[in-house]
Amino acid sequence: MFVQRTMRQAIQAHSAISRPSVYTSKVLSSRFYSSVVAPLDASKLEIHPSKNQKKLQENKDLVFGKTFTDNMLVVEWEAGKGWGTPQIKEYGKLQLDPSAVVFHYAFECFEGMKAYKDKDGQTRLFRPDMNMKRFNRSANRIALPSFEQDELVKCIGEFLKVDDRWIPKGRGYSLYLRPTMIGTQESLGVGASNKAMIFVIASPVGPYFPSGFAAVNLLATSDKVRAWPGGTGDAKVGGNYAPCIKPQLDANKEGFQQNLWLFGPDHQVTEVGTMNCFVYWKNEKGETELVTPELDGSILPGVTRDSILSLARQWGEFKVSERKFTMKDLVQADKEGRIIEMFGAGTACIVCPIKRIHYDGHDINVPLDPTDKTSQAGKLTKRFNDAIMDIQYGDVQGPKGWSVVV
Ligand SMILES: *Cc1c(COP(=O)(O)O)cnc(C)c1O
């Protein structure tokens, strides 16, 4: 019985999106042969908005992830039934059983994306299809159910209409969205969760660098590892993040803002804090090259990373590479004066310039803008930032599907 149930759950979790809702594999016992599983369906959305309208904060007072809008979007899933009725309701506490698997075995994954107001007052999302695909992939990695991604985007669109007044206006301001999926089965058994919940909450945010860029100091970290081959580094699962906080606090104590996460005996460069890592340099062959680690399973496939690579390839002005590189390569490039710029990339900041890396008792000083001694960001770093922002705010038409009006 137990085996049958987990098998059915596993199959549903892995098949709901890519297969029709009536599962017809002969592999399954006849008992499960024609179980109809409800897809996530935006047309069923129920809206019961909060009667209380909280006071909005002024743009200048916004702090990342501290204030939330009046409402939230919630939809629950049950094995054998599928997705329930999506609901927009008052933002508030969830009631979960203390035995819910999310609390014990970290059945949790999430997304980070933003809604932007353009100059015509329309609300835009940036490449939401990429976030939804990744959300499904992360859920799949921890045996949580798949969902119909376009339907969730539609529900988020309605949520944004209901909480429209919370989307701050002005360049650099946005409404940060946090789609989250948790396993809610009430059981201490270690197995696939037979219940799950997606919720989406939203927080108005200001520019990551309110008074212009501030380049960061990194501590190259190899004694603790963020991700490893065959692990979950390429999934946005909660379990990846808590273990990185202690090393970050240790780095902070020594005056570094972030860890530069290394991997393996050759100290491969992987990510910066919770951002993807880019180096712009003259490589060993003397070519001008933008390089970021390849997606080998331990690198989080960032939407910003992908956007930067696409823009750079479209510009066609320098070599663009996704490949491994090590601290040895960086140290050598530093000695020979070949490093031009380095930056981290992610939705929260778009780009975050890097000015120094402490590694093996030495500092690598990364150039910022040699033509402007006061500048806290390199020219290319700034150019990516501006190009992406222009598209996010609808000022420039980007590639198809990048900026979606909701
Ligand atoms: C979310 C995240 C990123 C950046 O992804 P974006 O989609 O660009 O926001 C990079 N690295 C890690 C570890 C992350 O969690």
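Just so it is clear, the model here is predicted, and its values are computed rather than measured. Within each chain, residue numbers correspond to sequence positions counted from 1 in written order. Given that this is a predicted model, residues contribute local features only at a pLDDT of at least 70 and side-chain atom pairs are listed and counted only at 80 or more, while totals for whole chains, interfaces and linings are drawn from all residues. Hydrogens and water molecules were not included; the side-chain quantities draw on all heavy atoms of the structure.

Peer 1: Requested: an account of the state of the cysteines, with residues and values cited.
Peer 2: The criterion for a disulfide is a pair of cysteine sulfur atoms lying within 2.5 Å. By the definition in use, this model includes zero disulfides. No disulfide involves Cys 109; its sulfur sits 17 Å from that of Cys 155, the nearest cysteine. Cysteine Cys 349 remains unbridged, with the sulfur of Cys 352 as its closest cysteine sulfur at 5.2 Å. A residue is classified by how much of its surface remains accessible, and Cys 349, at 6% relative accessible area, is buried. Using a 1.4 Å probe on the protein chains alone, a residue whose accessible area is under 20% of its type maximum counts as buried, one over 50% counts as exposed, and one in between counts as partly exposed.

Peer 1: Help me get a handle on the UniProt feature "modified residue: N6-(pyridoxal phosphate)lysine" (unreviewed entry) in the protein, residues and values and all.
Peer 2: UniProt positions are given in the numbering used here, feature names are shortened, and annotations may be inferred rather than shown by experiment. Per the UniProt entry, the sites bearing "modified residue: N6-(pyridoxal phosphate)lysine" (unreviewed entry) are Lys 236 in this numbering. In DSSP terms, a helix is any run of H or I states spanning at least four residues, a strand is any run of E spanning at least two, and both are numbered starting from the N terminus. On the secondary structure map, Lys 236 appears in the loop between strand 10 (216–221) and helix 5 (245–253). By relative accessible area, Lys 236 is classed as buried at 14%. We call two residues contacting when some pair of their heavy atoms lies within 4.5 Å. Residues in contact with Lys 236, not counting those within four places in the same chain, are Cys 109, Phe 110, Glu 111, Gly 112, Arg 134, Ser 138, Tyr 241 and Leu 300.

Peer 1: Any details on the domain arrangement of the protein? Residues and values, ideally.
Peer 2: On domain assignment, one finds that the protein holds domain 1 (7–205) and domain 2 (216–399). Domain start and end points were adopted from an automatic or database domain assignment. The C-alpha centroid of domain 2 is placed 29 Å from the C-alpha centroid of domain 1. Buried surface at the junction of domain 1 and domain 2, summed over both partners, amounts to about 2200 Å²; 56% is from carbon and sulfur atoms. Considering only the side of domain 1, the residues that lose the most area to domain 2 are Phe 126, Arg 134 and Arg 171, jointly responsible for 30% of the buried surface there. What counts as a salt bridge is simple: a side-chain nitrogen of Lys or Arg found within 4 Å of a carboxyl oxygen of Asp or Glu. Summed over the shared surface of domain 1 and domain 2, the result is four salt bridges. Across the pair Asp 395 and Lys 119 runs a salt bridge whose closest N-O atoms are separated by 3.6 Å. For this analysis, a polar contact is any N or O atom pair within 3.5 Å, provided that within protein one partner can donate a hydrogen and the other can accept it, and provided that sequence-adjacent residues contribute only side-chain to side-chain pairs. Where domain 1 meets domain 2, there are 15 residue pairs in polar contact (both at pLDDT 80 or more). Among the secondary structure elements, those contributing two or more residues to the side of domain 1 that touches domain 2 are strand 5 (108–110), strand 6 (113–117), strand 7 (123–126) and helix 3 (128–141). For this classification, Asp, Glu, Lys and Arg are treated as charged, while Ala, Val, Leu, Ile, Met, Phe, Trp, Tyr, Cys and Pro are nonpolar and the rest, including Gly, are polar. Here the residues of the side of domain 1 that touches domain 2 are counted per class, giving eight nonpolar, six polar and 12 charged. The quantity reported as buried area is the accessible area (1.4 Å probe) lost by two parts once they are put together, taken as the sum for both.

Peer 1: Now, about the environment of Ala 333: what can you tell me, with residues and values included?
Peer 2: Inspection of the secondary structure puts Ala 333 in helix 7 (residues 327–335). Accessibility expressed as a relative area gives 0% for Ala 333, which makes it buried. Considered as a pair, Ala 333 and Lys 282 are 51 residues apart in the sequence and their alpha carbons are 7.9 Å apart. Those residues within four positions of Ala 333 in sequence are excluded, and the remaining contacts are Trp 281, Arg 338 and Ile 339.

Peer 1: I'd like a description of the packing of helix 6 (residues 303–315) against helix 8 (residues 379–392), backed by residues and values.
Peer 2: Between helix 6 and helix 8, the shortest axis-to-axis distance is 11 Å and the interhelical angle comes to 105°. The angle between the axes of helix 6 and helix 8 places the two elements in the roughly perpendicular class. Where helix 6 approaches helix 8, its residues Thr 304, Ser 307, Ile 308, Leu 311, Ala 312 and Trp 315 are matched on the opposing element by Leu 380, Arg 383, Phe 384, Ala 387, Ile 388 and Ile 391. Classifying every residue of the contact of helix 6 with helix 8 gives nine nonpolar, two polar and one charged. To obtain an axis, a line is fitted to C-alpha atoms, over the contacting stretch when the element is a helix, and the angle between two such axes runs from 0 to 180 degrees between their N-to-C directions. Here the word oblique covers every angle except those under 35 degrees (roughly parallel), over 145 (roughly antiparallel) and from 65 to 115 (roughly perpendicular).

Peer 1: Quick rundown of the site of the ligand? Include the residues and the values.
Peer 2: In the neighbourhood of the ligand, 14 residues make up the surrounding shell, with Lys 236, Tyr 241, Glu 271, Thr 304 and Thr 347 lying closest. Between the ligand and Lys 236, the relevant distance is 2.7 Å, taken from an oxygen atom to a side-chain nitrogen or oxygen of the residue. The contact in question runs from a nitrogen atom of the ligand to an N or O atom on the backbone of Thr 274, over 3.3 Å. Here the term cavity refers to a set of points on a 1 Å grid, laid over the protein atoms alone, in which a 1.4 Å probe fits but cannot get out; the term pocket refers to an open set having protein on both sides within 12 Å along at least five of seven lines, with lining residues being those that place an atom within 4 Å of a point. Pocket occupancy is defined atom-wise: a molecule lies in a cavity or pocket when more than half of its atoms are within 2 Å of its grid points. With respect to the detected pockets, the ligand is housed in the largest pocket. Secondary-structure elements contributing two or more residues to the shell around the ligand are strand 13 (275–282) and helix 6. Looking at side-chain class alone, the shell around the ligand contains four nonpolar, six polar and four charged residues. It suffices for a single heavy atom of a residue to lie within 4 Å of a molecule or strand for the residue to be listed as near it.

Peer 1: Hey, could you go over the nonpolar core for me, with residue numbers and the actual values?
Peer 2: Ranked by size, the top nonpolar core spans 38 residues in total, and within it Leu 73, Phe 147, Leu 152, Leu 177, Met 181 and Ile 198 carry the most contacts. In terms of residue count, helix 4 (residues 149–162) provides more of this core than any other element does, six residues in total. If sequence neighbours within four positions are ignored, Ile 198 has contacts with Leu 40, Leu 73, Val 74, Val 75, Trp 83, Phe 135, Phe 147, Leu 152, Thr 180 and Met 181. Counting residues in hydrophobic clusters, the runner-up holds 26 residues, among them Ala 333, Cys 349, Ile 354 and Ile 357. Note on terminology: a nonpolar core comprises buried Ala, Val, Leu, Ile, Met, Phe, Trp, Tyr and Cys residues joined through side-chain atoms within 4.5 Å.

Peer 1: Residues and numbers for the packing of aromatic side chains, please.
Peer 2: The criterion for an aromatic pair is that two Phe, Tyr or Trp rings (for Trp, the six-membered ring) have centres within 6.5 Å, with stacked assigned to planes under 30 degrees apart, edge-to-face to planes over 60 apart and tilted to the rest. Counted by the stated rule, this structure contains 13 aromatic pairs. A centroid spacing of 5.0 Å and a plane angle of 70° characterise the contact between Tyr 116 and Tyr 393, whose relative ring orientation is edge-to-face. Linking Tyr 116 in strand 6 with Tyr 393 in the loop between helix 8 and strand 19 (403–405), this pair joins segments that are 277 residues apart in sequence. Pair check on accessibility: Tyr 116 and Tyr 393 agree, each one buried. Centroid distance Phe 343 to Phe 384: 5.9 Å. Interplanar angle 45°. Geometry classified as tilted. Of this pair, Phe 343 sits in strand 16 (residues 339–346) while Phe 384 sits in helix 8, placing them 41 residues apart in sequence. Here the two residues Phe 343 and Phe 384 agree in accessibility, since each one is buried.

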